[in-house]
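Now for the letters of each chain:
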Amino acid sequence: MSKYPLPGDLGLIIDLALTEDIGDGDITSLLISEDCSAKAHIICKENAILCGTPWVSEVYKKIDNSIQIEWNFEEGTCVEVGDSIASITGQARTILTGERTALNFLQTLSGTATIVREYLIALKGTNTKLLDTRKTLPGLREAQKYAVRVAGGTNHRRGLYDAYLVKENHIKSCGSISKALEEARRINPDKFLEVEVRNIDEFKEALSLKPNMIMLDNFQLSDMEKAVAINSGSVKLEVSGGIDLDSLANIARTGVDYISVGALTKHCRAIDYSLLLT
C-alpha cells in the first residue's frame, strides 16, 4: 500500500480504462483453460522511479479479487534494469486480461515520477521548488499530480476552480492587470490569486496589487533578477515558459520561489516494464 494519499478518482479512472480495453470480454484469454494457474513477474527494463503500484493492485482487484500481488519495491523508490518489481499469482486468464491496463498506469506514472526526480536533482542545493501544471494527460490529472508528489515535486493548482491564475488573455479581456485582479478580489476574496506577467512594467503593476503569487512568463535571467530585487520578498515568484533541465539551475539561482514545468506531465515518456509468465 502506498504511503502517499491516493487520488479520489482512482477507482473511476481504472473502471474507464478496463471498459476501454476489455469491452464485453477478453476473447484471446479464453484460449487458456479456466483451470490454468500461473505466476508472473513485472520486470523493469530501464532505470526509473517506481510509481503507480496502487493502480496495478486495484486493476487486478477489480478483475479478480483472488489475484495475489507481492511488491518487491516501495512506491517512490529507484528501480533498475532487470529488477523484478512484483510477482503476481492467480488464474492465467485474469493475469493476462489485466496486463495491459495495469502496465499502462505503471509505465505512465513511473515516467512522470522519473522526470520529476531528474528535475529535482538539477535543483539540488537551491531553495526553489518545482511545480507541476495543468498540462496533464486527459483523465489522468490526479494520477499524474500524485506521481509528482511521489517523486518529491509540488502540486500547483488542481484545476480552474481552486485558485486564480490570471493570464494574458484574461488580462486582455478585462482591460488591464489591475482591473482583472481587482475583479478577482471582489468575486472571491479568499481564493489564492496568481497573475502572469510578461515584462518588468507588468510585474510592477501586478506587485502594486499584492497578489499571492506572480508568474514571470518567459523572462530573461536578467529580468528575473530585477523582479526578485524589486519584489524583496513581498509576494511569491514563479517562473514559467521554455524551461528545460539545462536552464533550471540558473533560473533557481536568481532567487525565485518556484519553477513550473509543463513537460513534467505533458511530455512524460512511459517507462519500459514487462509482465512475463514463469
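Notes on the structure in this doc start here.

Calculation rules
- Residues numbered from 1 in each chain as written.
- Predicted model: local features only at pLDDT ≥ 70, side-chain atom pairs only at ≥ 80, totals over all residues.
- Heavy atoms only, no water.
- Pairing = 2+ DSSP bridges.
- Helix = DSSP H or I, 4+ residues; strand = E, 2+ residues; numbered from the N terminus.
- Axes fitted to C-alpha atoms, helices over the stretch in contact; angles between N-to-C directions.
- Phe/Tyr/Trp six-rings, centres within 6.5 Å; stacked < 30°, edge-to-face > 60°.
- Core = buried A, V, L, I, M, F, W, Y, C linked by side-chain atoms within 4.5 Å.
- Buried < 20%, exposed > 50% of the residue type's maximum accessible area, 1.4 Å probe, protein only.
- Contact = heavy atoms within 4.5 Å.

### Details of the sheet that holds strand S11 (residues 258-260)
With respect to topology, six strands assemble into an open sheet ordered S6-S11-S10-S9-S8-S7, the strand pairing being parallel. Each of the sheet's edge strands pairs with one partner strand only, and the pair in question is strand S6 (129-131) and strand S7 (163-166). Looking at each pair of strands side by side, their axes are set apart by 25° on average, direction ignored. Note that strand S10 (residues 236-240) and S11 share two bridges and pair parallel. Across the sheet, Glu-238 pairs through a bridge with Tyr-258, a residue of S11.

### A short note on the packing of aromatic side chains
In the structure shown here, the tally under the stated rule is two aromatic pairs. A ring pair is formed by Tyr-4 and Tyr-146, whose centres lie 6.4 Å apart and whose planes are at 90°; its orientation type is edge-to-face. Of this pair, Tyr-4 sits in the segment before helix H1 (10-22) while Tyr-146 is found in helix H4 (residues 141-151), placing the two residues 142 residues apart along the sequence. An aromatic cluster of at least three residues, connected via ring pairs, comprises Tyr-4, Trp-55 and Tyr-146.

### As for the nonpolar core
Ranked by internal contacts, the top residues of the largest apolar core, which has 76 residues, are Ile-42, Ile-214, Leu-216, Ile-259 and Tyr-273. The element best represented in this core is helix H3 (residues 92-123), accounting for 12 residues. Those residues in contact with Ile-259 that lie beyond four places of it in its chain are Leu-123, Thr-128, Lys-129, Leu-130, Leu-131, Val-239, Ile-243, Leu-248, Ile-251 and Ala-252.

The quantities given are spatial measurements derived from coordinates; they are silent on function.
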